[in-house]
Structure formats: C-alpha cells, structure tokens
Amino acid sequence: MPEIRSIGIIGAGQMGNGIAHVSALAGLPVAMVDISRPALDKALATIARNMERQIGRKLITPEQRDEALERITTSTDLASFGTTDFVIEAATEKEEVKREVFKALCPHLKPEAMLASNTSSISITRLAAVTDRPERFIGMHFMNPVPVMKLVEVIRGIATDEPTYRAVEALARKLGKMTATAQDFPAFIVNRILVPMINEAVYALYEGVGDIRSIDTAMKLGANHPMGPLELADFIGLDTCLSVMQVLYDGLSDSKYRPCPLLVKYVEAGWLGRKTGKGFYDYSQDPPAPTR
Ligand SMILES: CC(=O)CC(=O)SCCNC(=O)CCNC(=O)[C@H](O)C(C)(C)COP(=O)(O)OP(=O)(O)OC[C@H]1O[C@@H](n2cnc3c(N)ncnc32)[C@H](O)[C@@H]1OP(=O)(O)O
Ligand SMILES: NC(=O)C1=CN([C@@H]2O[C@H](COP(=O)(O)OP(=O)(O)OC[C@H]3O[C@@H](n4cnc5c(N)ncnc54)[C@H](OP(=O)(O)O)[C@@H]3O)[C@@H](O)[C@H]2O)C=CC1
C-alpha cells in the first residue's frame, strides 16, 4: 500500500483550511492552492486562530502550533503539487468547477500521485472520469468543523483501486479520524440524510409552521441536536446546501428532494450564511438576529 507523506489541498475555504489544519498537526507537509490570494491569507489566519483555541483548551502546545504552521505553504499555482503524494480538492460545490480543476491539475502531478474530492454530493465516478487516473481517485469527505468532527466518509468510485482505498483509510487514522464507507450514490450517507432535514426545516419556515428561532430551538432542545437546522445551514453555507439538494433532485429524480424556493431565494440574494455574514441569521449583530 502506498503511504501518503505529503498533502495538497485545492480551495482555501472553510473545509480547505480545516483539512490543512489537521494534516499539518499530524506532521504532514501541506501545500494549499486557491485561485484567490486573499482566500489563502484568510485561511492561514483562521488556522492560526483555531490552533490558538486548541492551545487555550490544552489540546496542543504552542510548539506544536508553530511546527504545524511552518509545514503549510500556499500558492495560486497548481504547479506547486509536482512532488505531492495526495491532492484533495475542496473547491466550491459545483461540478463544472471541480471538473475544470481536475483537468488543469493532472498535468502537474507525478504519475503515482493519488487524488480525492471532498465533495458533499457529486459523483466520484464522474469526477474521476475527467482525470488521467480514475483508479487512484476517491471521495474523502471531511465534516465541518474539521478539527472537531470525528468522521471522514470514504467513497469509492467505480474504478477506485484497493491500494488507494487502503492508503486513504490509513491517512484518515493518522489524522485522528474514524471512517464510514459509502457507495457512490448522490450525497453519499451523511448528506443524503442531513441536508433533506435542513431543506425540510426551510420548508417549515417557508410555510409558517414556525419562525427561525422556534425551529432551531425545537430541534436543539427537542431532538438534542448541537445546532438547530437553520443555524447549521448557515454554518455549512446555503450555497452548499442548495447544491446538495440539486444533486439529490437531479440524481434520484424524486420530487421529495425538491429544493425549498426560500433556500433558492437566500442563495440568489447572496445570503450564504456565516461566510458572507448573513443567512437565516445576521452575524453583524451579537447575538446573531433572525433575518425573517
Ligand atoms: C455539509 C457536509 O458536506 C458535511 C458536514 O460537514 S455537515 C456538518 C456537520 N457538523 C455538524 O453537524 C456540527 C454541529 N455543531 C456542533 O457539533 C457544535 O456546535 C460545534 C462543535 C461546531 C461547536 O460546539 P460548541 O460547544 O458550540 O462550541 P465550543 O464550546 O466553542 O467548541 C466545542 C469544541 O470544539 C472546538 N472547536 C469549535 N470550532 C472549532 C474550529 N473551527 N476549529 C477547531 N476547534 C473548534 C473547541 O475548541 C471545543 O473543543 P473541546 O470541547 O475539545 O475543548
Ligand atoms: N461547508 C461544509 O460544511 C462542507 C463542505 N464540504 C465540501 O467542501 C468543498 C468546499 O466547501 P467550503 O470550504 O464550505 O466552501 P467555501 O466556499 O468556504 O470555499 C471554497 C473555496 O474554493 C475556492 N475556489 C473556487 N474555485 C476554485 C478553483 N477553480 N481553484 C481553486 N480554488 C477555487 C473558492 O474561492 P472563491 O471564494 O474566490 O470562489 C473558496 O476559497 C465543497 O465541495 C463542499 O461541498 C464538505 C464537507 C462539509
């Protein structure tokens, strides 16, 4: 089985920075690429802040933080993955974006390098098919926030070979995560169940069953969820939630996955949740205020 000794990450958003965080703390050199230099700088600042939080809770030492931060390099050029063993794509949840990323990436890789997508929903088999190495392509789906959540969902495409699967299982263990293996169906396991629940919560708001606070309080105190579904939608990103619903709706051809028109409207307004400062809550206020 090939051992993964270095990691490349494409996309420096909330997932990319989390994957860089846990990989660097586990001792792996990390190269992170994004199309935007400000996104890379923001990611480094977020990683430093989240590690500071871990120091405050005595989970890591300041020396571990300093060593980990030194292992992370950033660039806007895919050529920086020339010697990398394993590249994980964590760019925006749009199939055409991911296809373009993988097509542009392959010529820069060494022949034996393995590839993964952190996609929340898109077919691993279809993404693998645009690369020059579908047998060394896999789904490695981290959960948000990556430094805290224990699970990595591993998804095999139709062509994924056994050494790649075993190398990724071993990597997940090295990062301190547990794995659950899913077959390559739309949205896999976690989001097949979780995101329709969020969509249903948006329907409950749309139909006036409850207001934002009532819906979130009901699910937090009534079902012991750590966050209410609308708060969680803001945390994930409403654009990502909508993309997952569209993949389920298109992929399974069942009207029960119809994205709620209110979710569509929020995304069209650019109210994407915490990452844009406004979604079902307005984060410019403390505590965040409901937007309906
Ligand atoms: C869409 C997809 O494709 C798949 C997905 O990811 S779906 C989303 C899955 N994630 C969830 O469902 C998250 C649900 N929410 C939660 O579990 C919790 O609200 C939460 C863990 C995010 C925060 O918990 P909290 O108790 O409100 O916050 P807080 O007390 O500040 O933090 C709890 C712990 O998390 C740590 N933490 C929180 N956010 C962190 C971050 N971004 N980075 C590092 N550590 C973090 C804190 O240091 C703390 O650690 P300890 O308890 O070990 O000391
Ligand atoms: N949010 C979540 O809870 C989870 C998300 N995921 C998945 O992880 C992936 C990333 O999500 P998330 O981090 O939340 O999204 P974000 O929007 O936070 O980050 C995506 C990043 O990718 C960048 N990007 C876009 N196009 C390219 C490109 N061509 N090359 C390099 N970088 C690019 C974006 O730049 P710019 O902003 O300039 O467009 C942005 O910095 C998605 O596939 C998502 O479904 C998986 C698990 C949980």
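Residues numbered from 1 in each chain as written. Chains lettered and ligands numbered in written order. Predicted model: local features only at pLDDT ≥ 70, side-chain atom pairs only at ≥ 80, totals over all residues. Heavy atoms only, no water.

- In the nomenclature of an unreviewed UniProt entry, the protein is known as 3-hydroxybutyryl-CoA dehydrogenase of Roseococcus pinisoli.
- The UniProt entry for the protein carries the following text under Sequence similarities (unreviewed entry): "Belongs to the 3-hydroxyacyl-CoA dehydrogenase family." (UniProt positions renumbered as here; feature names shortened; annotations may be inferred.)

A word on the overall build of the protein
At step 1: For the protein, the helix and strand inventory stands at 11 helices and 10 strands.
At step 2: Relative to the globule expectation of 19 Å for 292 residues, the C-alpha radius of gyration of the protein, 19 Å, shows essentially globular dimensions.
At step 3: Taken across its 292 residues, the protein has 50% of its residues classed as buried.
At step 4: Counting contacts in the protein only where the partners sit at least 6 residues apart, residues at least 24 apart contribute 66% of the total.
At step 5: Surface exposure of the protein reaches about 13600 Å², of which carbon and sulfur atoms provide 55%. (Helix = DSSP H or I, 4+ residues; strand = E, 2+ residues; numbered from the N terminus. Rg over C-alpha atoms; globule rule 2.2 N^0.38 Å. Buried < 20%, exposed > 50% of the residue type's maximum accessible area, 1.4 Å probe, protein only. Contact = heavy atoms within 4.5 Å. Areas by Shrake-Rupley, 256 points an atom, 1.4 Å probe, with all protein chains shown as cover.)

Some points on the pattern of salt bridges
At step 1: Following the criterion strictly, the structure yields 18 salt bridges and no others.
At step 2: Between E89 and K98 there is a salt bridge; the shortest N-O distance is 2.4 Å. Of the two residues, E89 and K98, both sit in the buried class.
At step 3: The salt bridge involving E162 is made with R166; its shortest N-O contact spans 3.8 Å. Highlighted residues: E162 and R166, both in helix 6 (residues 162-174), separated by 4 residues, approximately one helical turn.
At step 4: By relative accessible area, R166 is classed as partly exposed at 40%.
At step 5: Residues joined in a network through salt bridges with shared partners are E52, R65 and D66. (Salt bridge = Lys/Arg side-chain N within 4 Å of Asp/Glu carboxyl O.)

Observations concerning the packing of aromatic side chains
At step 1: According to the stated counting rule, one finds 5 aromatic pairs in the structure shown.
At step 2: With centroids separated by 5.4 Å and ring planes inclined at 80 degrees, the aromatic side chains of Y266 and W271 adopt a geometry described as edge-to-face.
At step 3: For Y266, a relative accessible area of 4% corresponds to the buried category.
At step 4: By relative accessible area, W271 is classed as partly exposed at 29%.
At step 5: Each member of the aromatic cluster is reached from another via a ring pair, and the members are Y266, W271 and F280.
At step 6: When the ring centre of Y165 is taken as origin, the NZ or CZ atom of R156, which lies over that ring, is 4.4 Å away. (Phe/Tyr/Trp six-rings, centres within 6.5 Å; stacked < 30°, edge-to-face > 60°. Lys NZ or Arg CZ within 6 Å of the ring centre and 35° of its normal.)

Here's the deal with the site of ligand 2
At step 1: Around ligand 2 sit 25 residues, and of these D34, E93, K98, S120 and I236 come closest.
At step 2: In the environment of ligand 2, an oxygen atom lies 2.5 Å from a nitrogen or oxygen atom belonging to the side chain of E93.
At step 3: Residue N118 places a side-chain N or O atom 3.0 Å away from an oxygen atom belonging to ligand 2.
At step 4: In isolation ligand 2 offers 890 Å² of accessible surface; the protein chains occlude 81% of this area.
At step 5: At the level of elements, helix 1 (14-25), helix 4 (95-105) and strand 6 (137-142) are the ones that each hand at least two residues to the shell around ligand 2. (Near = heavy atom within 4 Å. Polar contact = N/O pair within 3.5 Å; in protein donor to acceptor, adjacent residues only side chain to side chain.)

Describing the site of ligand 1
At step 1: By nearness alone, 18 residues border ligand 1, and R57, S120, H141, N144 and N191 come closest of all.
At step 2: The contact in question runs from a nitrogen atom of ligand 1 to an N or O atom on the side chain of N50, over 3.4 Å.
At step 3: Between a nitrogen atom of ligand 1 and a main-chain N or O atom of N144, the distance comes to 2.7 Å.
At step 4: Contact with the protein chains covers 70% of the free accessible surface of ligand 1, which is 1100 Å².
At step 5: At the level of elements, helix 2 (37-56), helix 7 (190-206) and helix 9 (229-236) are the ones that each hand at least two residues to the shell around ligand 1.
At step 6: For the shell around ligand 1, the class distribution of residues is 11 nonpolar, 5 polar and 2 charged. (Nonpolar A, V, L, I, M, F, W, Y, C, P; charged D, E, K, R; others polar.)

As for the nonpolar core
At step 1: In this structure, M32, F86, M140, F142 and L171 are the most contacted members of the largest nonpolar core, which totals 37 residues.
At step 2: With sequence-adjacent residues up to four places away left out, L171 is seen in contact with I4, I7, L28, F86 and M140. (Core = buried A, V, L, I, M, F, W, Y, C linked by side-chain atoms within 4.5 Å.)

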